[in-house]
Amino acid sequence: MIEAVASFFVQHPLLWTFVKAVVLASFTLMIPLAVIYIERKVAGYIQSRLGPVHVGPQGTFQTVADALKLLLKEDIVPTGADRRFFYLAPYIAFISTVLSFMVLPFAPGWVALEMNVAVLFVLGVSLFNVVSILMAGWSSNNKYSLLGGLRAVAQLLSYEIPMVLSVLVVVFYTGSLSLTEIIEYQVKHGWNIWHPPVLIAALIYFICALAEINRTPFDLPEAESELVSGFNTEYSGMRFALFFASEFANNFFITAFAAALFFGGWDGPILPPIVWMFLKVFVMIFVFMWVRWTPPRLRIDQILRFAWQGLVPLSLLNLLFAIALGVR
Amino acid sequence: MEILSQGMVINVGPQHPSTHGVLRLILALDGEQILACEPVIGYLHRGLEKMMERRPYRHNIPFTDRLDYLAALSNNLGICQCIERLGAVEVPERAKYIRVLLMELQRIASHLVFLGTFGTDLGATTMFLYAFREREMVLDLLEECTGARLTYNWVRVGGVPDDLPEGFGQKVLDFIKLFRQRIDEYNQLLTRNRIFRSRTRGIGVLPKETALAYGCSGPVIRGSGVPYDIRKVALYEVYDRVEFEVPVFEQGDVWARYLVRMEEMRQSCRIIEQVIRDMPDGPVLTKLPKIFKPPAGIAYSRVESPRGELSFMMVSDGSPNPVRVHIRAPSFVNLSVLPRLLEGAKVADLVAILGSLDIVLGEIDR
Amino acid sequence: MKEAIENLLQHFGEAVTAWSQVSPDEVRFTICPDKWQEVAQYLRDDPQWQMDYPADLTVWDTGQEFGVYLRLWSSVYNHNVLVLTTLSRERPVIASLAQLYPGVNWHEREMYDMYGVIFDGHPNLKRILLPDDWEGFPFRKDYVAEPSGDPLRGPQPVN
């Protein structure tokens, strides 16, 4: 029976890709449930309290309950909002995340869409996120949302550049833009992180990752105490849930991307590769959360200054450093 | 002061997440720059001063809990001191020591609220939970003594209603020992954090002459270099017998005001230890006649509440009810300097500056 | 302090109707309302007084007239001065001290709001605590209000 199904899909590769896309889309919707639960528990323990405990064993069904609640909420569209963009924005954010997951190798052979320019594709698709935030901020017909949206776009664009430059260092080392090849290179030659320029690139990448997913200390676009909720003030119910889900799925993706580029992806002894992948991702997510709940947030001009006067020169120098050292 | 009609006029409405009460700010913005600001108050006005004119003197003490509700005991003390001055009522020694002990515990509790909300305004939400964890301990102590957690009503004309419970002194000392370590933790979390410093240094500078001319008080003026602390200036209750320092910083910015409050918490610990060690035995309340009619005249009292100089003024004409009770609230005067502080500031600094003034709308609006 | 008081009494003569030294660092003066601004200016600028800190300004209603109370403190000498005066009900006008002491700006607005005392020369004399369209001056002793039946407007003055 399995052979019949398999040969059917081999004859219809487009259909197979579609099935993989559906699986990944549901993954994109499900993984935030786990990530949000972990976030709330970690936040609780850092803040000397418990986090969710009641719903489900140890509170594990709390996010499911919250998602259900959001589903059942009234869908409010503000008067004077630009309807097309207001409706479109959450979906574009979601689609960009799903597309990024399509090229990520979870395990040897487990890639939805094998691309030999996967890195370039991911960096390009992440710009959809920026567009969706701008759409959301603009179309809400709300001064605070507009301020939040503009700040977010400024921040995201400024931090794309050092991120691209750090990823470029890895590409230079492995000589390939394909994620599968990068991981296989690391299986043969050891993880990329052991090279000094790649280490610096990884640190720069982490800072940019924090800024890309709007996490403290770079979360001014969603700063509650100033702009209520920034660009997603006017969103309620399922639309808000989609934004929220794509933000946390992006969280997962960015760390998985870092794992693939710097830490060898699914490489590791004894345990099955998929477990290694998830392990690396969750360790990095834990570090992100740790950083989120400790320092205060930066002001927008400080954020931009740090990007342009700090990270961009640093990543350029790092790239030169990598080129000077040459490939082994 | 007029609002310029250029640029965007934004309303930071009576309800907003960085809530310090129901305060409305009308801002004229030019991009991220604030051109002018007009605070609109009165959303919490209850006419307390007029209500106090209809009641006998001692019936007005519970009203004062609702003024600065984060430091209710200071308000109670203020009004009782004023009535005591009006009627020349003596307060027994032990009562004075108990009053100072409660005041300093209250100062710690109030500054913890400031710490928590200030951290949250700037994005460090964790600070809020740590501060309130300690505040819960203080509130438990105060509840054991007074029976209430927020509106204590535990100072009477002529002393305090009842003595401290058994073993209270030791519990307070245990708390102080724990609290000193916690203050070091807070310094680790916020004071030594580079991001926190870059958000608060050089922001919202209040020059010394402006602070004096506006009548600012409390940590606001002590952060601008003026060593004005009523506990040292007027030496009321037992503050002349207790050794402590008044922290004064010169910079006048948000950072200085924050440091003043942090250091004040440490000094409060010092005062509490000395008070518990030196407390004499004796009565705690002077008995007054049932119908209390102070002689005609005007009297005023000043108290150093955690927010600044809280002053009560009473006019008496010999009848059981006062002719006038006037409450000079520190936050009222501190808030009037906000438009000056915001000139030329950025919108993102508004929250930090407003948080550093530490206002409570209950006493602004009365 | 004694010398400073004598100099002030000499300077203002008849305008000071009564004075008393309540304690070594507190003096109370009762003056005529038309010298209000001059006395405040003198107290601020005179090198022996240097009252640079406006602590409080308020008004009260005795039933027949209004009393005005100004409390000042000096950060240089640490002494307090209370300046008192009375205003008539028919014409409750007095000079504003907002240019001298910015700190009394909001206090004067509140007294206008509650008592209807006009502060001559105040830059922005409008209501501060009550809504801008409120009628009547609530803290006056002859203020009578009746419930209006409208929860948003509250009690309204009768006269």
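Before going into details, it helps to say that this report is about the structure given with it. (Residues numbered from 1 in each chain as written. Chains lettered and ligands numbered in written order. Predicted model: local features only at pLDDT ≥ 70, side-chain atom pairs only at ≥ 80, totals over all residues.)

Quick notes on the overall build of chain A
Per the secondary structure count, chain A includes 12 helices and 0 strands. For chain A, the succession of helices and strands along the chain, N to C, is α-α-α-α-α-α-α-α-α-α-α-α. Per-residue burial over chain A gives 45% buried out of 328 residues. Put simply, 78% of the contacts in chain A that link residues at least 6 apart link residues at least 24 apart. (Helix = DSSP H or I, 4+ residues; strand = E, 2+ residues; numbered from the N terminus. Buried ≥ 20, exposed ≤ 12 C-beta atoms within 10 Å, placed from the backbone. Contact = placed C-beta atoms within 7 Å.)

Comments concerning the interface of chain C and chain B
Accessible area lost upon the coming together of the parts is a frequently used measure of interface size. Contacts between chain C and chain B engage 23 residues on the former and 28 residues on the latter. Within the residue set of the side of chain C that touches chain B, elements represented by two or more residues are β3 (53–61), β4 (65–73) and α3 (105–115) of chain C. Here the side of chain C that touches chain B takes 6 residues from β3 of chain C, the largest share from any one element. Classifying every residue of the side of chain C that touches chain B gives 13 nonpolar, 7 polar and 3 charged. (Nonpolar A, V, L, I, M, F, W, Y, C, P; charged D, E, K, R; others polar.)

Re the interface of chain A and chain B
Taken together, the 21 residues of chain A in the interface contact 22 residues of chain B. Sorting the residues of the side of chain A that touches chain B by element identifies α9 (224–227) and α12 (300–325) of chain A as the ones contributing at least two each. Sort the elements by how many residues they give to the side of chain A that touches chain B and α9 of chain A lands first, with 3 residues. The residue inventory of the side of chain A that touches chain B, partitioned by class, reads 9 nonpolar, 6 polar and 6 charged.

A look at the environment of Leu73 of chain B
All names here are of chain B. Along the polypeptide, Leu73 turns up in helix α3 (residues 72–87). A sequence separation of 14 residues divides Leu73 from His59, and the C-alpha atoms of the two residues are 16 Å apart. Dropping the residues within four chain positions of it, Leu73 is found in contact with Leu102, Met103, Gln106, Tyr152, Trp154 and Val155.

Comments concerning the sheet that holds β4 of chain C
Residue and element names in this part refer to chain C. As summarised here, the arrangement of the 5 strands in space is β1-β2-β5-β4-β3, forming an open sheet in which the pairing is mixed. Looking at which strands have only one partner, the edges of the open sheet turn out to be β1 (16–23) and β3. On average, each strand axis in the sheet is tilted by 15° relative to the strand beside it, whichever way the strands run. In this sheet, strand β5 (residues 80–88) lies alongside strand β2 (residues 26–31) in parallel orientation, the contact comprising 5 bridges. (Pairing = 2+ DSSP bridges. Axes fitted to C-alpha atoms, helices over the stretch in contact; angles between N-to-C directions.)

So, the arrangement of the chains
Inter-chain contacts occur across 2 pairs of chains; the most extensive set of contacts lies between chains B and C. Between chain A and chain C there is no contact; the minimum C-alpha to C-alpha separation amounts to 26 Å.

Here's the deal with the sheet that holds strand β3 (residues 33–40) of chain B
Residue and element names in this part refer to chain B. Pairing within the open sheet is antiparallel, and its 3 strands lie in the order β1-β2-β3. Only two strands of the sheet have a single neighbouring strand rather than two, namely β1 (8–12) and β3. For this sheet the average axis-to-axis angle between neighbouring strands, irrespective of direction, equals 20°. The pairing of β1 with strand β2 (residues 24–30) spans 5 bridges and is classified as antiparallel. Paired with Val9 across the two strands is Ala28, which belongs to β2.

Here's the deal with the packing of helix α2 (residues 13–46) of chain A against helix α11 (residues 273–292) of chain A
Each pair of packed helices gets described by two things: the angle between the helix axes and the distance between those axes. All names here are of chain A. The geometry of α2 relative to α11 is characterised by a closest axis approach of 10 Å and an angle of 45° between their N-to-C directions. Between α2 and α11, the angle falls in the class oblique. Like other packed secondary-structure pairs, α2 and α11 cross with a definite hand, here right-handed. Facing α2, whose interface residues are Val35, Ile38, Glu39, Val42 and Ala43, α11 presents Ile285, Phe286 and Met289. (Parallel < 35°, antiparallel > 145°, perpendicular 65-115°, else oblique. Left-handed = near helix turned anticlockwise from the far one by under 90°.)

Quick look at the pairing of β1 of chain C
Residue and element names in this part refer to chain C. In terms of burial, β1 is largely open, as just 0 of its 8 residues are buried. Relative to β2, β1 is paired through 6 bridges, and the arrangement is antiparallel. From the neighbouring strand, Ser23 faces β2, where its bridge partner is Glu26. Counting the residues between successive antiparallel strands, the hairpin from β1 to β2 contains 2 residues.

Some thoughts on the packing of helix α6 (residues 168–191) of chain B against helix α11 (residues 254–278) of chain B
All names here are of chain B. Direction vectors running N to C along α6 and α11 enclose 165°, while the axes themselves pass 10 Å from each other. Viewed along their axes, α6 and α11 adopt a mutual orientation that is roughly antiparallel. The handedness of the crossing between α6 and α11 is left-handed. Of α11, the residues touching α6 (which contributes Gly169, Val172, Leu173, Ile176, Phe179, Arg180, Ile183 and Thr191) are Met262, Met265, Arg266, Cys269, Ile272, Glu273 and Ile276.

What to know about helix α8 (residues 196–212) of chain A
Residue and element names in this part refer to chain A. In a regular helix each residue adds 1.5 Å, so 17 residues correspond to 24 Å; α8 covers 24 Å between its end C-alpha atoms and thus fits that length. Buried residues dominate α8, accounting for 12 of its 17 residues. Listed in full, the buried residues belonging to α8 are Pro197, Val198, Ala201, Ile204, Tyr205, Phe206, Ile207, Cys208, Ala209, Leu210, Ala211 and Glu212. The secondary structure elements touched by the buried residues of α8 are α5 (118–139), α6 (143–174), α10 (237–262), α11 and α12. At the C-terminal side of α8, Asn214 shows a positive phi close to 60°. (Expected span 1.5 Å × (residues − 1).)

Honestly, it's all geometry; don't read function into it.
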